[in-house]
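An overview of the molecular structure
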There are 2 protein chains.
Amino acid sequence: MAKELKELTSRSEDYSQWYLDLVIKAELAENSAVRGCMVIKPYGYAIWEKMQRQLDDMFKETGHVNAYFPLFIPKSFLSREADHVEGFAKECAVVTHYRLKNAPDGSGVVVDPEAKLEEELIIRPTSETIIWSTYKNWIQSYRDLPLLINQWANVVRWEMRTRLFLRTAEFLWQEGHTAHATEQEAVEETEKMINVYADFAEKYMALPVIKGKKSASERFAGAIDTYTIEALMQDGKALQSGTSHFLGQNFAKAFDVMFADKDGGRDYVWATSWGVSTRLIGALIMAHSDDNGLVLPPKLAPYQVVIVPIYKNAEQLAQIDEKVSGIVSRLKALGVSVKYDNSDNKKPGWKFSEYELKGVPVRLAMGGRDMENNTIEVARRDTLTKETVSCENIEEYVKNLLDEIQENIYKKALDYRASTTREVNSYEEFKEEIEKGGFLLCHWDGTPETEELIKNETKATIRCIPLEGDKTPGKCMVTGKPSAQRVIFARAY
Amino acid sequence: MAKELKELTSRSEDYSQWYLDLVIKAELAENSAVRGCMVIKPYGYAIWEKMQRQLDDMFKETGHVNAYFPLFIPKSFLSREADHVEGFAKECAVVTHYRLKNAPDGSGVVVDPEAKLEEELIIRPTSETIIWSTYKNWIQSYRDLPLLINQWANVVRWEMRTRLFLRTAEFLWQEGHTAHATEQEAVEETEKMINVYADFAEKYMALPVIKGKKSASERFAGAIDTYTIEALMQDGKALQSGTSHFLGQNFAKAFDVMFADKDGGRDYVWATSWGVSTRLIGALIMAHSDDNGLVLPPKLAPYQVVIVPIYKNAEQLAQIDEKVSGIVSRLKALGVSVKYDNSDNKKPGWKFSEYELKGVPVRLAMGGRDMENNTIEVARRDTLTKETVSCENIEEYVKNLLDEIQENIYKKALDYRASTTREVNSYEEFKEEIEKGGFLLCHWDGTPETEELIKNETKATIRCIPLEGDKTPGKCMVTGKPSAQRVIFARAY
Ligand SMILES: [Zn+2]
Ligand SMILES: [Zn+2]
């Protein structure tokens, strides 16, 4: 059994297959009967709940409140903002009817042609349009601003090629939609939220990210500026992990949302939107996990510690149970989530493999000799190392160890990124280097033409124009024209 | 301003209009641009978040985990269970296409006829079918059972006549879907969850409910037995507030879900499902609120205490600010949520009306004389009474007061229900009494024919066959035939 469980394709053999194996075998998600839609299984959903709770706290600490807007968007709303419709109207789920009826031949149910909607409804691919049509009624004066609203919701984008968590037709996300009296305030909000996402990625997901702006061609459809956090996966490919958009007055103009300012003038409202999704679970998996299974940062692990008893008979198990129950309560008192697995239908070896696969950060094992010696075996998931330590103050020991693991996972990802991020100065070199993966810092002339040429020839895209770091100007590696600063190129998910 | 805010239609004048006025003016929800779909505004959503958090904790304490299943259901799935399709296939949103394209005449976007789905997708009205099609792959043996899974999700039922929170095309809910090896265990689960709902209603919503079974004609489509909790609104009408269904083996048979039992035999799996929705917010409003606005039980109030300073000048405000900040921290330390509203663009009278309308359980006001005397004015939302008390230990005083308010709101609702619940022994009397509202305890012969006759003639339905209370047999008030026990009739939402 243990062997079968661990039968993951190795990363070096086939990274994509390794990812898929892991998602399935760690019971995170699976494909459903509906093409492109996934079922998020309880263990995967528990990770999402941890993410949600933390992000929601961070949004509330920065002054936001939650609300809920309709799933459906009238088709005509999409056309109101010219760029937006180009970006989102193409691949979407369209509701055309509101009733089924029994098939005349008794074969089941069919769409009732008499129940055709006058105007088709689109399942939201993102909610700017329905929300700004609502904000029109909520905003009259500067006193109504800012509006700082977030929504947790499902959205649908009809993707042709899907991959669990990374790209699915339906996914779960949050989308913040804020309204401001001034451009400056909206830009500050956009930047504040990309910083919140970066903090979340680094402190909770243990995932180092680079903050930057997207090039014009990679912007959100309808945005003036899109800020992004970009993470590096273990196969050297980038993963866009969160975006925050400065929307200018585009949606206010599209939905005619004006406000009376303090001086009696009237102006269109300034907007932002920002979101992260269940895609983050894909990022978490691909950044840290190994050929034995998941490696979860303690701050997002559904349970941080598992305890497994190793016993010869029922009497010995009873003794271990008693000893462990004290450890469990002391760990819980310190805020550590812990599972004691004394189920008797599975062997310790099977359990070890199972919890390794599931990425539980710390595994404690107690056997007969440990009982005698007042010791316990402590195994770290991140390093796969084991040691035997005293039960005295084990709870403090474990709590500190969890912090250490959180830091170590982050440091490992940071070291990997550092080792695969380099400056490249010629297009010849670029074509060679891009094959090796990682982030390439290059000069680019700022034109979409050059960007597209590079993309067509190398499959690499500009991940972002970094906000921090070296801002020295130079010359474009392709055209030799002036470049304001190096930008980050990579192949991406 | 204060007057305008308080302009609610009174309950005695027009209860329905009072409800609608209140939902709008207390900023709980509003109708959206999409027919039948509501926008849940931040204050309304904050109540839902409190409900969600508490229910989620109760589900987890009873051994359940969360997961997420697709929004879409293939049309053919609905036809698999004969009763289910009759109940749910009729009024639902149907996705027929997956792409839009630019209109040839440049007028916007139109549905792309080439992007027609082979099989239409239904937006889930409830998820039994998609979930049981998934459980088929998850359940092979008794070792895989029980499955105790809940999902928080949006669902869509194409209602023709909608009312905010009570009946909307899209609503938010949770749906539990469990799978068991034995009939007995499934029945126990069904009962356990109706008890969880009743506890939640009574302890958190301060809403007394009657637990019972639905008559056959009011059962969930596809259920063997539907358990319900029924609450009484202030206008004498009943509101079904939560249901828990024993589904027998119906869905297991429809989706061919069998398991190997301990003795090597094979049997279909036993099922339950159970749900509550944003409808509970409607129940909360209609059960407790008054002509001045919302009355919220402290355990579900977005903030439990508001503090308003009454000051002549900035200097005095600064003194009050300092005094109040100590009270705020001491309240927070006791776990009380509190808002200090020292905004200077609104007068105290306006604030008083606003927080009354919003149902904040306790309002504290501090003026110049209070400062001198070390006192503070305490106003209760439930009784609309005020008193001046010492600031000494005010936090303990308020904490106890919140408990008292929670109890008092429950007691008031319970007294009202007791005063309007009565036994009725003849159909003549019934026709008179039903006009007065309330719960009528009557004998009924158990047939759908008699039930329908009563419904057609009086608009009253059997709310439930109570699980507790008097079980003395008698004779049907309409037909004189034998009745096993009294059942509850009422007009209902
Ligand atoms: Zn535009
Ligand atoms: Zn049936």
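A brief structural summary. On a predicted model such as this, the values are computed, not experimentally measured, just so you know. (Residues numbered from 1 in each chain as written. Chains lettered and ligands numbered in written order. Predicted model: local features only at pLDDT ≥ 70, side-chain atom pairs only at ≥ 80, totals over all residues. Heavy atoms only, no water.)

All names here are of chain B. Bound to the zinc ion (ligand 2) on the protein side are Glu81 (OE) and Asp83 (OD), at distances that span 2.2 to 2.4 Å. Exposure remark for Glu81: the relative accessible area of 7% places this residue in the buried category. When its relative accessible area of 46% is taken as the criterion, Asp83 is described as partly exposed. (Donors = N, O, S within 2.8 Å, 3.2 Å for Na, K, Ca; no water. Buried < 20%, exposed > 50% of the residue type's maximum accessible area, 1.4 Å probe, protein only.)

Attention now moves to the packing of helix H3 (residues 42-61) of chain A against helix H7 (residues 183-203) of chain A. Residue and element names in this part refer to chain A. It is at 11 Å that the axes of H3 and H7 come closest, and there the two elements cross at 145 degrees. H7 is crossed by H3, and the crossing has right-handed handedness. In this structure, H3 contributes Met51, Gln54, Leu55, Met58 and Phe59 to the contact, and H7 contributes Met193, Val196, Tyr197, Asp199 and Phe200. Across the contact of H3 with H7, the residue classes break down as 8 nonpolar, 1 polar and 1 charged. (Axes fitted to C-alpha atoms, helices over the stretch in contact; angles between N-to-C directions. Helix = DSSP H or I, 4+ residues; strand = E, 2+ residues; numbered from the N terminus. Left-handed = near helix turned anticlockwise from the far one by under 90°. Contact = heavy atoms within 4.5 Å. Nonpolar A, V, L, I, M, F, W, Y, C, P; charged D, E, K, R; others polar.)

Moving on, we come to the sheet that holds strand S23 (residues 461-466) of chain B. Residue and element names in this part refer to chain B. Here 11 strands make up an open sheet; going across it, the order is S3-S8-S9-S15-S12-S11-S10-S23-S26-S22-S21 and the pairing mixed. A strand with exactly one partner marks an edge of an open sheet, and here the two such strands are strand S3 (65-66) and strand S21 (421-423). The sheet contact formed by S3 and strand S8 (residues 147-156) spans 2 bridges and is parallel. Note that in S8 the partner of Asn66 across the bridge is Asn150. Strands in contact with helix H3 (residues 42-61) are S3, S8, strand S9 (170-180) and strand S15 (270-277); relative to S8, the strand with the most contacts, it is inclined by about 160 degrees. Along the sheet face, helix H9 (residues 279-288) touches strand S12 (238-248) and S15 and points at about 145 degrees away from the line of S12. (Pairing = 2+ DSSP bridges.)

So, about the relation of the copies chain B and chain A. The two copies are related by a screw operation: chain B maps onto chain A through 180 degrees of rotation and 0.0 Å of translation along the axis, at an RMSD of 0.0 Å. Look at the turn and shift together and you get a two-fold axis relating the two. Taking C-alpha positions as reference, the residue of chain B nearest the rotation axis is Val95 of chain B, located at 2.1 Å. Here 97% of the contact residues of chain B are again contact residues in chain A; the copies associate through an equivalent surface. (Least-squares fit on C-alpha atoms with pLDDT ≥ 70 in both.)

What follows concerns the pattern of salt bridges. Residue and element names in this part refer to chain B. Throughout the structure, instances matching the rule amount to 55 salt bridges over all chains. Two residues, Lys136 and Asp256, come together in a salt bridge whose shortest N-O distance is 3.4 Å. Pair noted here: Lys136 is in helix H6 (residues 128-138) and Asp256 is in the loop between helix H8 (250-254) and strand S13 (258-260), with a separation of 120 residues, a long-range link. On the basis of relative accessible area, Asp256 is assigned to the partly exposed category, the value being 39%. Here Glu377 and Arg363 are joined by a salt bridge, their closest N and O atoms 3.9 Å apart. With a gap of 14 residues between them, Glu377 in strand S19 (residues 375-380) and Arg363 in strand S18 (residues 362-366) connect regions that are remote in the sequence. Given the relative accessible area of 10%, Arg363 is considered buried. (Salt bridge = Lys/Arg side-chain N within 4 Å of Asp/Glu carboxyl O.)

Among the surface-exposed residues, Lys50 and Arg53 of chain A together with Lys50 and Arg53 of chain B lie close enough to one another that they form a single positively charged patch. Inspection of the secondary structure puts Arg53 of chain B in helix H3. (Patch = residues over 30% accessible without salt bridge, like charges linked within 9 Å, V, L, I, M, F, W, Y side chains within 5 Å. Areas by Shrake-Rupley, 256 points an atom, 1.4 Å probe, with all protein chains shown as cover. Lys, Arg positive; Asp, Glu negative; His and termini not counted. Charge placed at Lys NZ, Arg CZ, Asp CG, Glu CD.)

Our focus in this paragraph is the pairing of strand S20 (residues 386-390) of chain A. As a general feature of sheets, a regular strand has side chains that alternate between the two faces. Here strand S19 (residues 375-380) of chain A runs beside S20 of chain A; their pairing, made up of 5 bridges, is antiparallel. Across the sheet, the residue bridging to Ile376 of chain A is Val389 of chain A, located in S20 of chain A.

Tallying the contact residues gives 66 residues for chain B and 65 residues for chain A. Together, the buried faces of chain B and chain A total about 5300 Å²; carbon and sulfur atoms form 65% of this surface. Summed over the three residues of chain B that lose the most area to chain A, namely Tyr68, Tyr98 and Leu100 of chain B, the buried surface amounts to 12% of that side. Linking chain B with chain A are 4 salt bridges. Among the salt bridges present, the one from Glu91 of chain A reaches Arg99 of chain B, with a minimum N-O distance of 3.6 Å. Counting every contact that joins chain B to chain A gives 26 residue pairs in polar contact (both at pLDDT 80 or more). Its residues assigned to classes, the side of chain B that touches chain A shows 40 nonpolar, 10 polar and 16 charged. Bridge count between strand S5 (residues 91-102) of chain A and strand S5 (residues 91-102) of chain B: 5 bridges; the pairing is antiparallel. (Buried area = accessible area lost by both parts, 1.4 Å probe. Polar contact = N/O pair within 3.5 Å; in protein donor to acceptor, adjacent residues only side chain to side chain.)

Cis geometry is adopted by the peptide bond preceding Pro146 of chain A, which originates at Leu145 of chain A and carries an omega value of -5 degrees. Note on placement: Pro146 of chain A falls in the loop between helix H6 (128-138) and strand S8 (147-156). Of note in this structure, Asn393 of chain B is not a glycine but carries a positive phi near 60 degrees. Inspection of the secondary structure puts Asn393 of chain B in the loop between strand S20 (386-390) and helix H13 (394-419).

Note that every value here comes from positions in space, so none of it alone points to a role or purpose.
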